[in-house]
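Chain residues, written in single-letter form:
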Amino acid sequence: MADPILSARDVHVRFATNGGEVHAVRGIDLDLFPGETVAIVGESGAGKSAFAKAILHLHQLPFTPNRTQISGSITLHAPFQARLSDAAPDVIRKVRARAVGMIFQDALSALNPVQRIGPQIDEAVRQADPNARAADIDVQVRKIAAAIGLPSPEEKLNAYPHMLSGGQCQRVVIAIAAVRHPVALLADEPTTALDVTVQAQILKLLKSLQEVRGMAMLFISHDLGVVADIADRVVVMRAGEVVETGATGAVFARPEHPYTRSLLASRPSARARNAASAPEEAAPIIRAKDVSFSYAGGLFRPERVVPVLDTVSLTVAHGRTHGIVGESGSGKSTLGRLLLGFLTPDAGQIEVAGVTPHSIRAGEARAFRRNVQVVYQDSATALNPRMTLGRAAAEGLEIHGVAGTEARREVGRLFDLVRLPTELMDRFPHEVSGGQRQRVCIARALATKPKLLIADEPVTALDVSVQARILDLFAELQAELGLTMVFISHDLGVVRALCGEVTVIQRGRVVEAGPTERVFGQPQSAYTRTLVSSVPRQAWA
Amino acid sequence: MIRFMAFRIARAVITMFLVLVIAFVTLRLSGTPFEFMYPEGITAEHLAALEAKYGLDRPWIEQFWTYLSDMAQGNFGRSLYTSVRVWVMFADRMPATLAVGGLALLLAIMAGIPLGACAALYRASPGARAGMGFAFLGYAIPHFVIGIGLILFFGYYLRALPTTGLTTPQHYILPVVTLAIPMIAAIARFMRAAMLDAIGHAYVNTAASKGLTDGQVARGHIFRNALIPLITVLGLEIAGLLNGSIFVEAVFSLPGVGRVLVDAVEGRDFPVLQFGLIAYALIVVLVNLLIDLAYVIADPRIRLEG
Amino acid sequence: MADATFVPARIRLDTLSLSSAGLLLIIALGIAAPLIAPHDPNATNLLARSQPPVWMEGGTWAHMFGTDNIGRDLLSRCLYGIRTSFGIATLGLIFSAVLGVALGLISGLGGTWVDRIMMTITDVFITLPNLLLLLCGIALLGTDVWVLVLMIGLIRWEAYARLVRGQVLALRAEGYVEASRALGGSTFRIAVRHILPNLASPLVVILTLSFPGVLLMEAGLSFLGVGVQPPTSSLGRMIGDGRDYLINAWWISGIPSIVIVTITLLFQLIGDALRDRIDVLTDG
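Residues numbered from 1 in each chain as written. Chains lettered and ligands numbered in written order. Predicted model: local features only at pLDDT ≥ 70, side-chain atom pairs only at ≥ 80, totals over all residues.

The number of helices and strands found in chain B is 13 helices and zero strands. Secondary structure of chain B in N-to-C order comes out as α-α-α-α-α-α-α-α-α-α-α-α-α. Taking 2.2 N^0.38 as the reference for a compact globule, 306 residues should give roughly 19 Å; the C-alpha atoms of chain B span a radius of gyration of 24 Å, well beyond that estimate. Considering only C-alpha atoms, chain B reaches an extent of 90 × 55 × 25 Å along its principal axes. Across the 306 residues of chain B, 42% fall into the buried class. A separation of at least 24 residues holds for 76% of the contacts in chain B among residues at least 6 apart in sequence. (Helix = DSSP H or I, 4+ residues; strand = E, 2+ residues; numbered from the N terminus. Rg over C-alpha atoms; globule rule 2.2 N^0.38 Å. Buried ≥ 20, exposed ≤ 12 C-beta atoms within 10 Å, placed from the backbone. Contact = placed C-beta atoms within 7 Å.)

Now for the sheet that holds strand E17 (residues 484-489) of chain A. Residue and element names in this part refer to chain A. If you trace the six strands from one edge of the open sheet to the other, you get E15-E16-E17-E13-E18-E19, paired in mixed fashion. The strands lining the two open edges of the sheet, one partner per strand, are strand E15 (372-375) and strand E19 (509-515). Pairs of neighbouring strands in the sheet enclose a mean axial angle of 15°, with direction left out of account. Judged from the four bridges that link them, E15 and strand E16 (residues 452-456) form a sheet pairing that is parallel. (Pairing = 2+ DSSP bridges. Axes fitted to C-alpha atoms, helices over the stretch in contact; angles between N-to-C directions.)

Residue and element names in this part refer to chain A. Tracing the backbone shows Ile-350 in strand E14 (residues 347-352). The spatial distance from the C-alpha of Ile-350 to the C-alpha of Gly-118 is 49 Å, given a sequence separation of 232 residues. Among residues more than four places away in sequence, those in contact with Ile-350 are Ala-288, Val-291, Leu-338, Leu-339, Pro-345, Thr-356 and Pro-357.

To continue, consider the interface of chain A and chain C. With 18 residues of chain A at the contact, the number on the chain C side is 13 residues. Counting only elements with at least two residues in the side of chain A that touches chain C, the list comes to helix H12 (362-371), E15, helix H13 (379-382) and helix H14 (389-399) of chain A. Residue composition of the side of chain A that touches chain C, by class: seven nonpolar, six polar and five charged. (Nonpolar A, V, L, I, M, F, W, Y, C, P; charged D, E, K, R; others polar.)

Bringing helix H4 (residues 134-147) of chain A into the picture now. Each α-helix winds once per 3.6 residues, and so residues spaced three or four apart point in a common direction. All names here are of chain A. In this model, H4 (14 residues) spans 20 Å end to end at C-alpha, consistent with the 20 Å of a helix rising 1.5 Å per residue. Turning to H4, its buried residues are Gln-140, Val-141, Ile-144 and Ala-145. In a view along the axis of H4, the buried residues occupy a sector of 135°, so they form one face of it. Pointing more than 90 degrees away from the buried face of H4 are the exposed residues Ala-135, Asp-136 and Ala-146. Residues of H4 that are buried make contact with helix H3 (117-128), helix H5 (153-157) and helix H6 (166-178). Looking one or two residues beyond H4, the residue adopting positive phi is Gly-149, at roughly 75°. (Expected span 1.5 Å × (residues − 1). Arc of directions from axis to C-beta.)

Residues and elements named next belong to chain A. With antiparallel pairing, three strands are arranged side by side in an open sheet as E12-E11-E14. Only two strands of the sheet have a single partner each, and these edge strands are strand E12 (306-317) and E14. The sheet shows a mean angle of 20° between the axes of neighbouring strands, direction not considered.

All right, on to the confidence of the model for chain C then. Segments scoring low in pLDDT should not have their predicted coordinates read at a detailed level. All names here are of chain C. Taken residue by residue, chain C gives an average pLDDT of 79. The fraction at 70 or more is 93%. Mean pLDDT across the elements of chain C ranges from a minimum in helix H4 (residues 112-127), with 77, to a maximum in helix H9 (residues 235-241), with 88. This stretch, residues 1-12, has a pLDDT under 50; its non-local contacts, to residues over four places away or in other chains, come to 20 contacts. The complex prediction reports pTM at 0.77, with the ipTM value standing at 0.77. (pLDDT = per-residue confidence, 0-100.)

This part takes up the environment of Leu-293 of chain B. Relative to the assigned elements, Leu-293 of chain B resides in helix H12 (residues 270-298). Residues Leu-293 of chain B and Thr-97 of chain B, spaced 196 residues apart in sequence, show a C-alpha to C-alpha distance of 25 Å.

Attention now goes to the interface of chain C and chain B. With 35 residues of chain C at the contact, the number on the chain B side is 47 residues. When contributions to the side of chain C that touches chain B are tallied by element, the ones reaching two or more residues are H4, helix H5 (130-141), helix H8 (187-224) and helix H10 (251-283) of chain C. The element best represented in the side of chain C that touches chain B is H5 of chain C, accounting for eight residues. Of the residues assigned to the side of chain C that touches chain B, the class counts are 25 nonpolar, eight polar and two charged.

Residue and element names in this part refer to chain A. Across the six residues of strand E9 (residues 233-238), six count as buried, placing the element largely inside the fold. Here four bridges tie strand E3 (residues 37-41) to E9, and the two strands are oriented parallel to one another. The residue bridging Ala-39 from the neighbouring strand is Val-234, located in E9. In this structure, E9 lies alongside strand E10 (residues 241-247), joined through six bridges in antiparallel fashion. Considered in E10, the bridge of Val-235 is made with Thr-245. Taking the residues between adjacent antiparallel strands as the criterion, E9 and E10 are bridged by two residues, where Ala-239 takes a positive phi near 50°.

Residue and element names in this part refer to chain B. In a regular helix each residue adds 1.5 Å, so 15 residues correspond to 21 Å; helix H6 (residues 126-140) covers 21 Å between its end C-alpha atoms and thus fits that length. Among all positions in H6, only Gly-131, Met-132, Ala-135, Phe-136 and Ala-140 are buried. Axial view of H6: buried residues confined to an arc of 160°, hence all on one face. Pointing more than 90 degrees away from the buried face of H6 are the exposed residues Pro-126, Gly-127, Ala-130 and Gly-133.

Quick look at the packing of H6 of chain A against helix H7 (residues 196-213) of chain A now. All names here are of chain A. One can describe the packing of H6 onto H7 by two numbers: an axis separation of 10 Å at closest approach and a directional angle of 15°. One element, H6, and the other, H7, form an angle in the roughly parallel class. In this structure, H6 crosses over H7, and the sense of that crossing is right-handed. Across the interface between the two elements, Gly-166, Gly-167, Gln-170, Arg-171, Ile-174 and Ala-178 from H6 touch Val-198, Gln-201, Ile-202, Leu-205, Leu-206 and Leu-209 from H7. Among the residues making up the contact of H6 with H7, the classes are represented as seven nonpolar, four polar and one charged. (Parallel < 35°, antiparallel > 145°, perpendicular 65-115°, else oblique. Left-handed = near helix turned anticlockwise from the far one by under 90°.)

Let us look at the environment of His-257 of chain A. Residue and element names in this part refer to chain A. Note on placement: His-257 falls in the loop between helix H9 (248-253) and helix H10 (258-265). For His-257, a count of 15 C-beta atoms within 10 Å gives the class partly exposed. As a C-alpha pair, His-257 and Val-535 span 278 residues in sequence and 26 Å in three-dimensional space. Setting aside residues up to four positions removed in sequence, His-257 forms contacts with Val-236, Val-243 and Glu-244.

Ranked by size, the top nonpolar core spans 322 residues in total, and within it Ala-184 of chain A, Met-195 of chain B together with Leu-135 of chain C carry the most contacts. Counting residues per element, this core draws most heavily on helix H8 (residues 169-199) of chain B, which supplies 21 residues. Setting aside chain neighbours within four positions, we find Met-195 of chain B in contact with Gly-116, Ala-117, Ala-120, Leu-121, Ile-222 and Ala-226 of chain B. (Core = buried A, V, L, I, M, F, W, Y, C linked by C-beta atoms within 7 Å.)

Here it is in structure tokens:
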């Protein structure tokens, strides 16, 4: 067994904040061996990011007062010996420049917006080897640009970051880190903000760079599926402590610690939720045919029409749970807004609950709004920060004529329905957790006893374990209330777990539709196949 | 980029047109100059005859057109008091105002930017604190008070510098400093905030992860990004510079345009006033266009997206 | 989070309360001027002219801040001057705030075309040179107090209109506004329930921040001689009048200068502290 490149012993990280001291990392021991991929998993707040940043002292922004205290020892063994934990600034810089690279989550903002791509990579090379000749640096930059798979690299090297896509930016960030041939790469949630297909490509890139350069990788993620795919060993963290560690396969198959077990059990696919069984010949509640929509250019650029949806058709019968799946930019959210009548289609017909949503007459409007409700992704912005949760949930009731004590009683009943303690009725949105806020949004949506509930990425912003519980809630509500649900998401695992039928959208077109098991099990279109294969396999387990 | 600039230019043209209209209306509303010419009284027929002679009984649109064409030929009217041509009055005095203003601008940029930048980078140092304290004071206190204060201190207490007029280079020192101080303060404060904001961005972390020294990070990444919003602030400050120069000229009795204007207000000398309005507006509009251009050039996100 | 002030965090809260207290004290003194001023501000006393303040040689307690070149008591004039300046500034500010908020609401809620027209108008207004327009207006309409209020009000409204419009547009896009629409809420309900309450606090902040500017505008005009006219006293006017006596009687300009500086510094402290607090709040 070779010697480790990096070892950490009893590392503690403490931040001084306005609210007191935060003990983010409580005694981690870790060894990183050459060429291996170690994943640190945990939910938000587990301390995984804090630990990774502490290795390279990157928690500390330059020119900011130091509020972080690191204790314990972090030692670099290769390519040269260096004690990182209490190292002098120039030692740290040397390590950063030549030995260990780091990549972060949001790639676009990780790049300097006023500097071209080429010089940004250039800077990294120059720092690693100040004596290098300009010509050599140029060669290295081109090589890495090719290695990371940038299309038309010459053009891209000359471009500014805002001209590249999210995936391309992440490739550049990886290039900046990898161009110096570091022995280890610290990756802090590098694919979390990316689409599933792009994520798959980036992971492949990282793997290939590892193989070619013998680079070790410390990969931080909250996504168990990704971890299962790429990590040799896994370290499970919770509240700053290591809860379990071992070879990935072993830990995932036979988790020992109860937290690990609950984490694994929270994956959407792991729950057997019955897609609602509805009478076979239920009447359709949504009928959309050949709907097209585009964003008009505006006064100064009438030619810049942005097509969003192109002849999309959708049929959802009463009582079903229908999933709309697509990546970012596919138009799925726009479809949701069209169904709600917030947008008017350029072409095609839409019929929801018996009316055409975008051209309702005043008389029908109230009934429509009672019958068709929506739950959004970001519960923080979906609730007025100055309204108590109880008032917020009661808004629908108030609009439709129920007020005062009766409304309050009804809200109490709704809170019970969504499994929220009624004391929360008098709290404000920022005082409760994301999961609780989302429940309030669901309660608000259910207040008017709708027949149709449209949920636009309702669980994307939540931690895995919280997601699981909200999805359970959706399933239970559907069974209890006989709701029809349209579930918009980019997360196939979630859709597969909850929805009986699914429509797949790519760039504004319906690519495939039908019963979930069939569409995901035997996909017929190439895109669906790519989508399914991009999902880290453990998600399907 | 073309689109951005085209929009700005259109707006500038509209603004100037509006200014011309306002100037014209002001001039006309102020009454006819004949009461001044005949203070002992004037008969109604004589008034009507004079009005006809000067074309003041024509419809306003026609008068406006005459007004514009006169201006195009360089005729801006004459002062009601001195009967000197307005254009001449201003041309004589413009250099002084522009000189003081220009020097103040230069001083403000050269002092304000480094002050703000260092205050952001070395936040806790006593130098930064003192600098920001100075900026705090400079921002709050109005021009004329600063001027008076400096006159008292340097002019009378120390007897080191001249306090009235602009005859020697030393005469420029106090007025330029007075005019510059609030601007230095504003620039420094803004620069500091912009740099602190830039520091918070992820690309600073990326820069650090390359192993760059703090200085390299500051120069290449933080400073460059903080400069961009600064350009817009500069535009606003330059407009304020014109305002301030009126006060500074009053305090130091400088032979500039500001004095002319203040006297014109007191004396209701409308031909002078309307020209002042147009001239100032033109300067502000042109400066703003230049600033817009600079902004477009500096920020690639705007430049390459049209 | 970037902090835009150099005041150390620990004492920030105290700064806010101390400055506010100081400012309120000054305002109270101004309001109470008729009651507490030791002399009639316009009473001339040629025997006691150009008397220095009490802490200098030759000063007396009868004229604590000294007298000006024609014997008027500076303390009384300052008190009345505070009263005048604050009065004009407040009225002017209220006028422009009402105008600005109304136009901003119309612009934000009125639909694209209304918005575009309003925005072009405000853009043009912003680029017009303030002071020059003020001067023209005063030349046309005279130096009546009401003219000053009107002109000052007309100069600043666009800042408030922009703010209100910006807030309205931002709030319109907020999730809870759309959720309210989804629940069936009308535009009126949305405006009243969701938009206005969220508008109040930034509006208060920006009004507080612009007050000193308005105050100084009046002071500046009076300094130049085209603002408040005698016999009404104004701090700016006093400074302007005393300019010629700086050598021998610096206090004629100096005392009112100190008063103005104190007032604006207090405002500045309050403004910075307020801005910090708002930042903290929006960070959640």
